[in-house]
Amino acid sequence: MPLSVELLPESTLRDAIGLLVRAVEGAGALIIFLGAVWAFAQFVMAGARGRGAGFNRIRLSLGRFLVLGLEFQLAGDVLRTAVAPSFAEIGQLAAVAAIRTALNYFLGREIAQERAELDQKETESAARPSAEGHAVS
């Protein structure tokens, strides 16, 4: 006769994980929302000042918010399947994880590429005045 000890009934564990999933997914949605609001405010302020040069920085910042928010969303999906998942739930998780991972990958790649371009432009603009100063001397 095997002795089995059940600390929490599965239904209680499912309910607790359901609350955690909603909290984590809510945090992800909030991060994305706040990032969008912040980016919009920055865009409006840059437009009011007449400076379009800050657009790429705003996009990079929004991209960071999106990547972080998507990571939280993926964490919520993983939590959802933590207790006795069915094959259908595992398949859905795999599909959602693949889509979100691809989004994160391409967003991350775009962020890195744009950051490198901005850094290169800043380096070139910082080097120009000193190069001109040496040419005149």
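Residues numbered from 1 in each chain as written. Predicted model: local features only at pLDDT ≥ 70, side-chain atom pairs only at ≥ 80, totals over all residues. Heavy atoms only, no water.

## Quick notes on the confidence of the model for the protein
Residues at a pLDDT of 70 or more form 87% of the protein, whose mean pLDDT is 82. Averaged pLDDT values over the elements of the protein bottom out at 78 in helix α3 (residues 87–136) and peak at 91 in helix α1 (residues 10–49). (pLDDT = per-residue confidence, 0-100. Helix = DSSP H or I, 4+ residues; strand = E, 2+ residues; numbered from the N terminus.)

## Some remarks on the pattern of salt bridges
Tallied over the full model, the rule gives six salt bridges. For R57, the salt bridge identified is with E122, shortest N-O distance 1.7 Å. A residue pair is termed long-range when its members are at least 10 positions apart, and R57 in helix α2 (residues 55–80) and E122 in helix α3 qualify at 65 residues. Its relative accessible area of 37% is what places E122 among the partly exposed residues. The network of salt bridges with shared partners includes E25, D77, R80 and R100. (Salt bridge = Lys/Arg side-chain N within 4 Å of Asp/Glu carboxyl O. Buried < 20%, exposed > 50% of the residue type's maximum accessible area, 1.4 Å probe, protein only.)

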